[in-house]
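Descriptive structure summary
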Amino acid sequence: GFFQSYAVEVDIKDASNATCLYANWMMRFLITYESNNGDYKTTTLNLSSSVTHNGSVCGNDTQAALVAVQFGEGHSWSINITKNNETYQGDFITLTYNTNDTAVFPDAKRKGPVTVLVKDPLHPVQLNTVFVCHSSYFIEAENTTQIFWNVTMQAFVQNGTVSKKESRCPADTPTSAPTVPPTIANVTTASATTLSPAPTTPPKPVENPDTGNYSLKSGNKTCFLATVGLQLNVSQDKPLLININPKITIADGACGNTTATLKLNDGNSTLIGF
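These lines cover the structure that appears in this document, whether it is placed above or below. (Residues numbered from 1 in each chain as written. Predicted model: local features only at pLDDT ≥ 70, side-chain atom pairs only at ≥ 80, totals over all residues. Heavy atoms only, no water.)

1. Considering the pairing of strand S5 (residues 65-71)
Keep this limit in mind: Three exposure classes are used, based on accessible area relative to the maximum for each residue type with a 1.4 Å probe and protein chains only: buried under 20%, partly exposed in between, and exposed over 50%. Working definition: helices are DSSP H or I runs of at least four residues, strands are E runs of at least two. Numbering for both runs from the N terminus. Strand pairing is defined by DSSP finding a minimum of two bridges between the two strands.
In terms of burial, S5 is a largely internal element, five of the seven residues being buried. Across two bridges, strand S4 (residues 51-52) lies against S5 in antiparallel orientation. Paired with Val-51 across the bridge in S5 is Phe-71. One ladder, built from seven bridges, connects S5 with strand S6 (residues 75-84); its direction is antiparallel. Counted as the bridge partner of Phe-71 is His-75 from S6. Here S5 folds back onto S6 in antiparallel fashion, the turn holding three residues, of which Gly-72 has a positive phi close to 60°.

2. Let's talk about the pairing of strand S11 (residues 137-141)
The alternating pattern of S11 places Tyr-137, Ile-139 and Ala-141 on a buried face and Phe-138 and Glu-140 on a face that is not buried. Bridging between S11 and strand S12 (residues 144-154) involves five bridges; their strand directions are antiparallel. When the bridges of S12 are listed, Ile-139 appears paired with Gln-146. Here S11 folds back onto S12, and the loop between the two strands holds two residues, one of which, Glu-142, carries a positive phi near 50°.

3. Comments concerning the state of the cysteines
Here, disulfide denotes a covalent bond that connects the sulfur atoms of two cysteines. The following threshold applies: Disulfides are defined as pairs of cysteine sulfur atoms found within 2.5 Å of each other.
For the structure on display, the rule yields three disulfides. Sulfur-sulfur distance for the disulfide between Cys-20 and Cys-58 comes to 1.8 Å. With the S-S dihedral at roughly -70°, the linkage between Cys-20 and Cys-58 falls on the left-handed side. Of the two residues, Cys-20 is situated in strand S2 (residues 19-34) and Cys-58 in the loop between S4 and S5; the sequence distance between them amounts to 38 residues. For the residue pair Cys-20 and Cys-58, the accessibility class agrees, reading buried in each case. What pairs with Cys-133 in a disulfide is Cys-169, and their sulfur atoms sit 2.1 Å apart.

4. Remarks on the pattern of salt bridges
Oppositely charged side chains can form a pair if their charged atoms are brought close together. Rules: Whenever a carboxyl oxygen of Asp or Glu lies within 4 Å of a side-chain nitrogen of Lys or Arg, that contact is scored as a salt bridge.
Scanning all chains against the criterion turns up seven salt bridges. Between Lys-109 and Glu-34 there is a salt bridge, and its shortest N-O distance comes to 3.8 Å. Here Glu-34 lies in strand S2 and Lys-109 lies in the loop between strand S7 (87-98) and strand S8 (113-119), a separation of 75 residues in the sequence. Taking the relative accessible area as the measure of exposure, Lys-109 reaches 53% and is therefore exposed. Ionic contacts of the salt-bridge type, sharing partners, join the residues Glu-166, Arg-168 and Asp-172 into one network.

5. What to know about the side chain of Thr-144
What counts here: Whenever a nitrogen or oxygen atom comes within 3.5 Å of another N or O atom, the pair is scored as a polar contact, on the condition that within protein one atom can donate a hydrogen and the other can accept it, and that pairs from neighbouring residues in sequence are kept only if both atoms are in side chains. Contacts were defined at the residue level, with two residues in contact if any of their heavy atoms lie within 4.5 Å.
Tracing the backbone shows Thr-144 in strand S12. Residue classification places Thr-144 among the buried residues on the basis of a relative accessible area of 2%. A distance of 2.5 Å separates a polar atom in the side chain of Thr-144 from the backbone oxygen of Ala-141. Among residues more than four places away in sequence, those in contact with Thr-144 are Leu-30, Ile-31, Leu-95, Tyr-97, Val-116 and Ile-139.

So this is what it looks like as structure tokens:
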């Protein structure tokens, strides 16, 4: 897999032992923290092989459903899900990471649990429909980046059976129109008529990226300054070039005594860190 992590599966039962909420997903966290010498470091927090889901509840028309998981050395993650007429939707996501975990935060200046609360950005899902997102998506807040992929979730499951009807995330939806095979009439016409070959259109060259000015401040002073044009060359079946547009790109990060971190987010699920 692209990310090395463990999958989480939560199957919550109601009083009659029927499934009322099902979720299966993968996630990891990028966390920027201050070290003992004043530097800011970014670490990766992965799920452990042992995950519990204490406190998870089914929910109903008046009470929100809750998926809560605990893992590692005092880390936890939860999302509460509300029901509204014919839809359900994630409300708030709560991440608590424990900097006493020296394997992940070996030299953290601040010790103890840190809680980050963020609004779930995903759209509402129809009841009796399972939400599916194989593509990875990111949520950023307070020096953390939460990364999710291979998500399957349905809240307020009816009759104890997870629905076969899916609601896909936008990243899973193909944007190009499907290829339409020629009909018999088209084939007959083409074979009976001599046509000149269509002129070959050369591929349009990708323009150079616009130059952006990105800066970070520490107090009233600029501590990081970058003037740069950025283009990503992604190796897939066909090469994909992506220009980073500085007009819509947001700069974030932090400066330490000997280390600085610059994070750029173009709003289209492209994150670049320096």
